[in-house]
Amino acid sequence: MLTRAIKGLEDVISYTVVMPIWQRTRPDDPNDEHAGWYFADPHGSPVRNAIGLGGPFPSSYPGNDPDPHLGARNVRELYEHAGQIGGKFTVPILFDKESRTIVSNESSEIIQMLNSEFNDFAGCPEIDLQPEDLKSTMDEVDKWIYPTVNNGVYRCGFAKSQEAYDVAIRELTASFDRLEEILSSRPYIAGDRLTLSDIRLFVTLLRFDEVYVVYFKCNTRSVSNSPTLLNYCRNIYRMKGVAETVNMDQIKLHYYCSHPDLNKWSIVPRGPDFIRLLTL
Ligand SMILES: N[C@@H](CCC(=O)N[C@@H](CS)C(=O)NCC(=O)O)C(=O)O
């Protein structure tokens, strides 16, 4: 969504936002406990979390729509329509309306396509988010930011042993400090211009204080306590079209209500209003 906004592709690529709270995708099959992404059902009954607790939550919110292409009830059905029966049923998905199938489900690949493959139709084709002269620095930073930060927060949150958590939080903390050091000497993570590496980093930092610090026990650092990282997030958040892509209420509803293992009753913490900090 962020890359789409920055490239000015709003009129070219439509989107459907799935509902924030994972539901059982085969509720009638007691042997199939998979829970995942659902499309909105404006005429449906209120729902609870995947183990039937918490809520009740509405079956649609303003901005969440039914699947306009295949009429699927959930994302699993889209994958099954594309021939993928097992595995994970993840978002984001780039969907080709003509062939009515999934083109890619890998975000790092999708943002590269949005950057370079739609320039004939883009409002801002001159913005290159993967410029030749910054490519090697982008690769270099992506290489440690992905495992220790983007995926690092998940490694902390879903650790199944103290040892696994200890390793993940140590690496995350060290990378957080490294980010601060780099961003105190240049405005963007790979140099003087915004790149896809910033987009990948920003979406994790945006969720950091509201979700990861509390829910995933990433509490050794916070963005709001780092003037450098807070300014970095502010700068990106204030770019044209970016704020419209962020719905912090749904981000929080998703995390806090989709993993009953971590939060059986789906209670959503009130604070800390990170978006307000970005707009001050
Ligand atoms: N490789 C994928 C991973 C995407 C991914 O893990 N998405 C999560 C949501 S942020 C998801 O849809 N998870 C569904 C599941 O784990 O069942 C990407 O980065 O695009």
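Residue positions are given per chain, counting from 1 as you read along its sequence in written order. Side-chain atom pairs in this predicted model are given and counted only at pLDDT of 80 or more, local residue features only at pLDDT of at least 70, and totals for whole chains, interfaces and linings cover all residues.

Student: Explain the UniProt feature "site: Lowers pKa of active site Cys" (unreviewed entry) in the protein chain to me, please; I cannot follow it from the model alone.
Tutor: Taken from the UniProt record, the annotation "site: Lowers pKa of active site Cys" (unreviewed entry) applies to Tyr212 and Tyr255. A maximum C-alpha distance of 9.3 Å is found for the annotated residues, which run over 44 residues; spatially they form one tight group. Strands here mean DSSP runs of E at least two residues long; helices mean DSSP runs of H or I at least four residues long; both are numbered from the N terminus. Checked against the element boundaries, Tyr212 lands in helix α7 (residues 196–215). Note on contacts: residues are paired as contacts if their backbone-placed C-beta atoms lie within 7 Å. Dropping the residues within four chain positions of it, Tyr212 is found in contact with Val153, Arg207 and Cys218. Along the chain, Tyr255 falls in helix α9 (residues 248–258). UniProt positions are given in the numbering used here, feature names are shortened, and annotations may be inferred rather than shown by experiment.

Student: Any chance you could explain the packing of α7 against α9 here in plain terms?
Tutor: Two quantities define a packed helix pair, namely the angle between the helix axes and the distance between the axes. Close contact between α7 and α9 brings their axes to 10 Å; oriented N to C, the two are set at 15 degrees. Classified by the interaxial angle, the pair formed by α7 and α9 is roughly parallel. By crossing handedness, the relation of α7 to α9 is classed as right-handed. Where α7 abuts α9, its residues Arg207, Glu210, Val211 and Tyr215 lie against Met248, Ile251, Lys252, Tyr255 and Tyr256. Polarity classes work like this: nonpolar for Ala, Val, Leu, Ile, Met, Phe, Trp, Tyr, Cys and Pro, charged for Asp, Glu, Lys and Arg, and polar for all others, with Gly in that last group. Looking at the contact of α7 with α9 residue by residue, the class counts come to six nonpolar, no polar and three charged. Only the stretch in contact is used when a helix axis is fitted, and all axes are lines through C-alpha atoms; the angle between N-to-C directions ranges over 0 to 180 degrees. Here the angle decides the label: under 35 degrees means roughly parallel, over 145 means roughly antiparallel, 65 to 115 means roughly perpendicular, and every other value means oblique. Note: crossing handedness is left-handed where the near helix turns anticlockwise from the far helix by less than a right angle, and right-handed where it turns clockwise.

Student: Would you take a moment to explain unusual backbone geometry for this structure?
Tutor: Note: most peptide bonds trans; most residues except glycine with negative phi. Residue Gly55 is joined to Pro56 through a cis peptide bond whose omega torsion reads 5 degrees. You can see Pro56 is positioned in the loop between β2 (35–36) and α2 (75–81). Going from Gly271 to Pro272, the amide bond is cis rather than trans, its omega being -5 degrees. Topologically, Pro272 is positioned in the loop between α9 and α10 (274–279). Phi at Arg100 is positive, roughly 50 degrees, even though this residue is not glycine. Note that Arg100 resides in the loop between β3 (94–96) and β4 (101–104). Residue Ser266 is not a glycine yet carries a positive backbone phi of 55 degrees. Residue placement: Ser266 occurs in the loop between α9 and α10. Overall, the presence of 21 C-beta atoms within 10 Å leaves Ser266 in the buried class. Exposure classes come from backbone-placed C-beta atoms, where a residue is buried if 20 or more other C-beta atoms lie within 10 Å of its own, exposed if 12 or fewer do, and partly exposed in between.

Student: Can you walk me through helix α6 (residues 162–183) in this structure?
Tutor: Each helix should span, by expectation, one fewer than its residue count multiplied by 1.5 Å. Compared with the 32 Å implied by 1.5 Å per residue over 22 residues, the 31 Å span of α6 between its first and last C-alpha is a close match. Looking at α6, one finds that the buried residues are Ala168, Ile169, Leu172, Phe176 and Leu179. Looking down the long axis of α6, one finds its buried residues gathered within 95 degrees of arc, a one-sided arrangement. When the buried face of α6 is taken as reference, the exposed residues oriented beyond 90 degrees from it are Glu163, Asp166 and Glu181. If you follow the buried residues of α6, they end up packed against α4 (135–150), α5 (152–157) and α8 (227–237). Arc definition: it is the arc formed by the directions from the helix axis to the C-beta atoms.

Student: Is there a simple way to think about the nonpolar core in this case?
Tutor: The nonpolar side chains of a soluble globular protein tend to be buried with one another. A set of buried residues drawn from Ala, Val, Leu, Ile, Met, Phe, Trp, Tyr and Cys, joined through C-beta atoms within 7 Å, is what defines a nonpolar core. Formed by 61 residues in total, the largest nonpolar core has its most connected members in Cys156, Leu172, Phe202, Leu205, Tyr212, Cys218 and Cys233. Top element by residues in this core is α7. It accounts for 11 residues. Other than its neighbours up to four places away in sequence, Leu172 contacts Thr148, Val149, Gly152, Val153, Cys156 and Cys218.

Student: Would you take a moment to explain the pairing of β4 for this structure?
Tutor: Working note: regular strand, side chains alternate between the two faces of the sheet. If DSSP finds at least two bridges between two strands, the strands pair. Relative to β4, β3 is paired through three bridges, and the arrangement is antiparallel. Residue pairing in the sheet places Asp96 in a bridge with Thr101 of β4. Counted along the chain from β3 to the antiparallel partner β4, the turn is four residues long, and its residue Arg100 has a positive phi close to 50 degrees.

Student: When you look at the confidence of the model for the protein chain in this model, what are you seeing that I'm missing?
Tutor: Segments scoring low in pLDDT should not have their predicted coordinates read at a detailed level. Confidence of the predictor at the level of single residues is given by pLDDT, which spans 0 to 100. Averaged over all residues, the pLDDT of the protein chain equals 97, while 100% of them reach at least 70. Predicted complex metrics record ipTM = 0.98 and pTM = 0.97.

Student: Looking at this structure, I do not really get the environment of Asp133. What am I missing?
Tutor: Inspection of the secondary structure puts Asp133 in the loop between α3 (107–116) and α4. The class for Asp133 is exposed, based on 10 C-beta atoms found within 10 Å.

Student: Looking at this structure, I do not really get the environment of Ser108. What am I missing?
Tutor: Mapped onto the elements of the fold, Ser108 is located in helix α3. The exposure class of Ser108 is partly exposed, given the 13 C-beta atoms found within 10 Å.

Student: I'm lost on α8 in this one. Help?
Tutor: Because each turn of an α-helix spans 3.6 residues, side chains separated by three or four positions in sequence point in the same direction. Turning to α8, its buried residues number three or more, namely Leu229, Tyr232, Cys233 and Ile236. The buried side chains of α8 occupy one side of the element, clustering within an arc of 95 degrees when seen end-on. Looking at the buried side of α8, the elements it contacts are α6, α7 and α10.

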